[in-house]
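Each chain, letter by letter, is given below.
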Amino acid sequence: MKKWLIGSILVCIAAFIWLPLWMLLSGTIMGSAELYENLVPVLEGGEGTAVWPVIAQYPTLQAYVELLLDTPQFFTVFWNSCRQVLPIILGHVLLGAPAAWAFAKFHFRGKKILYTLYIVLMLMPFQVTMVSSYLVLNKLRLIDTVWAVILPGAASTFPIFIMTRFFMTIPEAIMEAAVDGASPFQTFVWFGIPLGAAGILSAVVLGFLEYWNAMEAPQAFLKNQALWPLSLYMSNITADNAGVSLIASLITLMPPLLIFLSGQKYLEQGIISSGMKD
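Residues numbered from 1 in each chain as written. Predicted model: local features only at pLDDT ≥ 70, side-chain atom pairs only at ≥ 80, totals over all residues. Heavy atoms only, no water.

A. Highlighting the overall build of the protein chain. Of the regular secondary structure elements, the protein chain holds 14 helices and zero strands. Of the contacts made within the protein chain by residues no fewer than 6 positions apart, 78% connect residues no fewer than 24 positions apart. (Helix = DSSP H or I, 4+ residues; strand = E, 2+ residues; numbered from the N terminus. Contact = heavy atoms within 4.5 Å.)

B. Up close: unusual backbone geometry. Here the phi dihedral of R141 falls at roughly 60°; this positive angle occurs in a residue that is not glycine. Inspection of the secondary structure assignment puts R141 in the loop between helix 6 (126-139) and helix 7 (147-154). Residue classification places R141 among the exposed residues on the basis of a relative accessible area of 76%. Of note in this structure, D144 is not a glycine but carries a positive phi near 70°. When you line up the elements, D144 lands in the loop between helix 6 and helix 7. (Buried < 20%, exposed > 50% of the residue type's maximum accessible area, 1.4 Å probe, protein only.)

C. Structural context of helix 10 (residues 184-195). Looking at helix 10, one finds that the buried residues are T187, F188 and G192. Each buried residue of helix 10 lies within a common arc of 95° when the element is viewed along its axis, so the set occupies one face. (Arc of directions from axis to C-beta.)

D. Structural context of the environment of I119. If you trace the backbone, I119 turns up in helix 5 (residues 111-123). Exposure remark for I119: the relative accessible area of 22% places this residue in the partly exposed category. C-alpha separation for the pair I119 and F161, spaced 42 residues apart in sequence, amounts to 7.5 Å.

E. Seen up close, the packing of aromatic side chains. Applying the stated criterion across every chain, the model contains eleven aromatic pairs. For the ring pair F103 and F108, a centre distance of 6.3 Å and an interplane angle of 40° mean the geometry is tilted. Judged by relative accessible area, which is 36%, F108 ranks as partly exposed. When the centroid spacing of 5.8 Å and the interplanar angle of 70° are considered together, the rings of F126 and F221 count as edge-to-face. Of the two residues, F126 is situated in helix 6 and F221 in helix 12 (residues 216-221); the sequence distance between them amounts to 95 residues. A relative accessible area of 23% places F126 in the partly exposed class. Taking relative accessible area as the criterion, F221 reaches 2% and is therefore assigned buried. (Phe/Tyr/Trp six-rings, centres within 6.5 Å; stacked < 30°, edge-to-face > 60°.)

F. The arrangement of a nonpolar patch on the surface in detail. Residues W4, L5, I6, I9, L10, I13, F16, I17 and W18 make up a contiguous nonpolar surface patch of roughly 1000 Å² in combined accessible area. By the secondary structure assignment, W4 is in helix 1 (residues 2-27). The exposure class assigned to W4 is exposed, which follows from its relative accessible area of 57%. (Patch = residues over 30% accessible without salt bridge, like charges linked within 9 Å, V, L, I, M, F, W, Y side chains within 5 Å. Areas by Shrake-Rupley, 256 points an atom, 1.4 Å probe, with all protein chains shown as cover. Salt bridge = Lys/Arg side-chain N within 4 Å of Asp/Glu carboxyl O.)

G. Main features of the packing of helix 4 (residues 72-105) against helix 10. Relative to each other, helix 4 and helix 10 sit at 105°, their axes nearing to 12 Å. Between helix 4 and helix 10, the angle falls in the class roughly perpendicular. For the pair helix 4 and helix 10, the contacting residues are A97, P98 and W101 in the first and P184, T187, F188 and G192 in the second. Here the residues of the contact of helix 4 with helix 10 sort into five nonpolar, two polar and no charged. (Axes fitted to C-alpha atoms, helices over the stretch in contact; angles between N-to-C directions. Parallel < 35°, antiparallel > 145°, perpendicular 65-115°, else oblique. Nonpolar A, V, L, I, M, F, W, Y, C, P; charged D, E, K, R; others polar.)

The structure is reproduced here in structure tokens:
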């Protein structure tokens, strides 16, 4: 009886979680008239109650054709997302991994204070640092360029925290044996990166999930809509363009979903290791 109850609860939770995805999938094959009738009470304040059928009454691929063949703007914003997010993730690896290695394995004056500062910066929401970031970027004449999004994102402190905690789990005995005849940089490249690969990849997965869906920084620093990423392209949904918007949402969901599924094992290892050692 107890197992049956637990199983029923889990099934209900799973159905609740998957319901929005099913609505998204079913909505992509609905005709424009059907979508308009279903959503106009919500999106435009029309009369009646919004409804959502389990299966489209008249399935069609019209919205797919309209988005993929007749909407070149979508491919522009998709490319904008790629050219903003991928350099940020590269920055997490090239800047964050060496910094995390230094925090985890080196002893230097002011280390605890500097690491505490990193933690404080990590806990600050974007709204707190938005004005100061805008002033600095404006002084550097980077506002309304992709670098206004890339540079602050690449210098994020959260990947450093994740990788530092993982590097701390590498046994000191291995490092002492590796130091013999090797420079600190060689030790990091030959031993730190391979042994800490799971932590680095977990930071990559989390970083991609965060910045692929980021809205605040692009909206604050990019005035030219031609530079907007997918996250901002999806912000204006009306009953008239609901079909195209639902398909765009589905396509937007695919890259982070694939990244998450391929890096789930490393993500779990990184999260577990972050609480193993102070």
